[in-house]
Amino acid sequence: MMQALAIFHLMLALWEPPRALPNSAQYHDSISRHALTGAASTAQQLLGLELVLVLLFMLDVFLEVYALGFNAFFGVNAPPRVLENKGRSNALQAKLWGQARLILVIVFFADICAALDKPNGSPRFSRPLRPLYLICLSETLKRWSILLFHLMAQLRDVALGTGIFLGLFSLLGLILFSETNYYSASIP
């Protein structure tokens, strides 16, 4: 259920209207005053819906902290997970993913509180972080992100080797074909 709510939270960006810019003549010329008022009320309704979703996320994280215990959730040594019955290394990863969820929920809540405080809206800094919360909830996405993180070193080496290879062949081509008069001989 939490994954479905996280997907819905991610999809809220499809309905969020653009923020009203008071100094933009193009914005006011293309949209009537009625549509501008409608966009502001839609933004407030979506902000309220997002607040409800973030409060549900917060409740989920706090229930996990309560179920595992404060020391087990935030402790340095990772005890075996009571709920998931995993090994020690997987328990540390699960604990770190849980802590990442907690940090994301706090960031979401702070962003919504800042947006509620401003009547015209404020820049929303947490919107790019919405996919990270979904990753923290899904085991499959966690595995893919860990795999991608471990592959970054190999991908960097491949990109560096390809860049060196292309650079050497480009330099070799410039050296070999710098003395040819192909272009000047073909022009009558």
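Refer to the structure presented above.
Residues numbered from 1 in each chain as written. Predicted model: local features only at pLDDT ≥ 70, side-chain atom pairs only at ≥ 80, totals over all residues. Heavy atoms only, no water.

## So, the environment of L10
Relative to the helices and strands, L10 resides in helix 1 (residues 2-11). The class for L10 is partly exposed, based on a relative accessible area of 30%. Distance from L10 to L129, taken between C-alpha atoms, is 9.3 Å for residues 119 residues apart in sequence. (Helix = DSSP H or I, 4+ residues; strand = E, 2+ residues; numbered from the N terminus. Buried < 20%, exposed > 50% of the residue type's maximum accessible area, 1.4 Å probe, protein only.)

## What to know about the side chain of R101
Summarising the element assignment, R101 is placed in helix 5 (residues 88-117). Contact partners of R101, with chain neighbours within four places excluded, come to D60, V61, E64, Y133, C136 and L137. (Contact = heavy atoms within 4.5 Å.)

## Observations concerning helix 6 (residues 130-137)
What helix 6 keeps buried is the set R130, Y133, L134, C136 and L137. Taken down its axis, helix 6 places every buried residue within 160° of arc, on the same side. (Arc of directions from axis to C-beta.)

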